[in-house]
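The residues making up each chain are set out below.
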Amino acid sequence: MTYYISNIARSKGDPKVIHSGPSSLGTVDRLAKALGWYSIGLGIAELVAAERITRALGMEGKEALVRAYGVRELGHGIMSLSPDKQLGLWSRVAGDGLDIATLMTAMRHDNPKRDNVGIALAVVLGVTLLDIIGAQGVTARHSRPRGRPRSYRNRTGFPQGVQAARGAAKDFQVPPDMRAAPSLAAVSDRAPQERVRSH
């Protein structure tokens, strides 16, 4: 399916994508991507169905707060899908803490929907665990090593040494398509001679 979609945008002469090689995404990158899409889905649900969520949790009157959390989730999701995915995942961990604190306020004894709140807390705790695993894994995978930076002073750019590079292009033949334009030196030599002839 992905190959078909990528081939739609190609011009007539472009090569077609038949199959791709192995993905460079690691397990933690795939987890970050999944959590990013989960955040976006949850954010949309919190924006669209805030009344149903608060009713199910016995938190009527907190619809504006749930919508604000929905906007926050959308931000987490976008950041988790971006190149700065570790920032997105760590912000998700902080958001999970906020969600747990908010749900704890609904665990009061006079709440008839207390069981629903318990289920929601268990889900948030499970997702928090995944967020922490993902954030730590992505940070470890994509962080630069600490300590002294590498020194490249002993590299010259000549893998076989400078001496081996000397004279390597002596037998170079200029391709015909590069000979079409006259060299700048030839043009500058011809110009004074043409001026002399015209006088």
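Trainee: Looking at this structure, I do not really get the packing of helix α3 (residues 50-57) against helix α4 (residues 63-81). What am I missing?
Mentor: Angle between the axes and distance between the axes: these two values describe a pair of packed helices. Where α3 meets α4, the closest approach of the two axes is 9 Å, and the angle between their N-to-C directions is 120°. Crossing hand, α3 versus α4: right-handed. When α3 is examined against α4, the residues Ala50, Glu51, Ile53 and Thr54 are found in contact with a partner set consisting of Glu63, Val66 and Arg67. Residue classes in the contact of α3 with α4 are distributed as 3 nonpolar, 1 polar and 3 charged.

Trainee: Would you mind going over the environment of Ile40 with me for this structure?
Mentor: If you trace the backbone, Ile40 turns up in helix α2 (residues 27-48). In this structure Ile40 comes out as buried when scored by relative accessible area, which is 16%. Note: C-alpha distance between Ile40 and His76 (36 residues apart in sequence) is 7.8 Å.

Trainee: Looking at this model, I keep getting lost on the nonpolar core. Mind explaining?
Mentor: General note: in soluble globular proteins, nonpolar side chains tend to be found buried as a group. With 7 residues, the main nonpolar core is built from Leu57, Met59, Leu103, Ala106, Val117, Leu121 and Val124. Ranked by the residues each element gives to this core, the list is headed by helix α6 (residues 114-142), at 3 residues. Leave out the neighbours within four places in its chain, and Leu121 touches Ile100, Leu103, Met104 and Met107. Counting 5 residues, the second largest nonpolar core, distinct from the first, contains Ala32, Leu35, Ala135 and Val138.

Trainee: What is the right way to read the environment of Ala45 from this model?
Mentor: Inspection of the secondary structure puts Ala45 in helix α2. On the basis of relative accessibility, which here comes to 33%, the residue Ala45 falls in the partly exposed class. Along the sequence, Ala45 and Val66 sit 21 residues apart, while their C-alpha atoms lie 9.7 Å from each other. Apart from the residues within four sequence positions on either side, Ala45 is in contact with Ala50 and Ile53.

Trainee: Sorry, what's going on with a nonpolar patch on the surface here?
Mentor: A surface patch of nonpolar side chains, about 350 Å² in accessible area, is lined by Ile44, Leu47, Val48 and Val71. Examining the composition of the nonpolar patch, we find that 3 residues originate from one element, α2, more than from any other. Topologically, Leu47 is positioned in helix α2.

Trainee: Teacher, can you tell me more about the packing of aromatic side chains here?
Mentor: What the rule picks out here adds up to 0 aromatic pairs. Between the NZ or CZ atom of Arg72 and the centre of the ring of Tyr69, over which it lies, the distance is 4.7 Å.

Trainee: How should the UniProt feature "transmembrane region" (unreviewed entry) in the protein chain be read in this particular structure?
Mentor: UniProt annotation of "transmembrane region" (unreviewed entry) refers to residues 117-140 when read in the numbering used here. Structurally, residues 117-140 is divided into 100% helix and 0% strand, and its ends, taken at the C-alpha atoms, are 34 Å apart.

Trainee: In this structure, what is going on with the pattern of salt bridges? I would like to understand it.
Mentor: Pairs can form between side chains of opposite charge once their charged atoms are near each other. Enumeration according to the criterion identifies 8 salt bridges in this entry. Close ionic contact of Asp29 with Arg141 constitutes a salt bridge, the shortest N to O distance being 2.2 Å. Of this pair, Asp29 sits in helix α2 while Arg141 sits in helix α6, and the two are 112 residues apart along the sequence. Owing to a relative accessible area of 3%, Asp29 belongs among the buried residues under this scheme. With a relative accessible area of 41%, Arg141 lands in the partly exposed category. Residue Glu73 pairs with Arg72 through a salt bridge whose shortest N-O separation is 3.0 Å. With relative accessibility at 2%, the residue Glu73 sits in the buried group. Overall, Arg72 belongs to the buried group, its relative accessible area being 17%. Here the salt bridges share partners, and the residues they tie into one network are Arg72, Glu73, Arg92, Asp99 and Asp131.

Trainee: Please clarify how the side chain of Asp96 should be interpreted in this entry.
Mentor: You can see Asp96 is positioned in helix α5 (residues 85-105). Although Asp96 is buried, it makes no salt bridge; Arg92 carries the closest opposite charge, 4.6 Å away. Filtering out sequence-adjacent residues up to four positions away, Asp96 remains in contact with Val124, Val127, Thr128 and Asp131.

Conventions and cut-offs
- Residues numbered from 1 in each chain as written.
- Predicted model: local features only at pLDDT ≥ 70, side-chain atom pairs only at ≥ 80, totals over all residues.
- Heavy atoms only, no water.
- Axes fitted to C-alpha atoms, helices over the stretch in contact; angles between N-to-C directions.
- Helix = DSSP H or I, 4+ residues; strand = E, 2+ residues; numbered from the N terminus.
- Left-handed = near helix turned anticlockwise from the far one by under 90°.
- Contact = heavy atoms within 4.5 Å.
- Nonpolar A, V, L, I, M, F, W, Y, C, P; charged D, E, K, R; others polar.
- Buried < 20%, exposed > 50% of the residue type's maximum accessible area, 1.4 Å probe, protein only.
- Core = buried A, V, L, I, M, F, W, Y, C linked by side-chain atoms within 4.5 Å.
- Patch = residues over 30% accessible without salt bridge, like charges linked within 9 Å, V, L, I, M, F, W, Y side chains within 5 Å.
- Areas by Shrake-Rupley, 256 points an atom, 1.4 Å probe, with all protein chains shown as cover.
- Salt bridge = Lys/Arg side-chain N within 4 Å of Asp/Glu carboxyl O.
- Phe/Tyr/Trp six-rings, centres within 6.5 Å; stacked < 30°, edge-to-face > 60°.
- Lys NZ or Arg CZ within 6 Å of the ring centre and 35° of its normal.
- UniProt positions renumbered as here; feature names shortened; annotations may be inferred.
- Lys, Arg positive; Asp, Glu negative; His and termini not counted.

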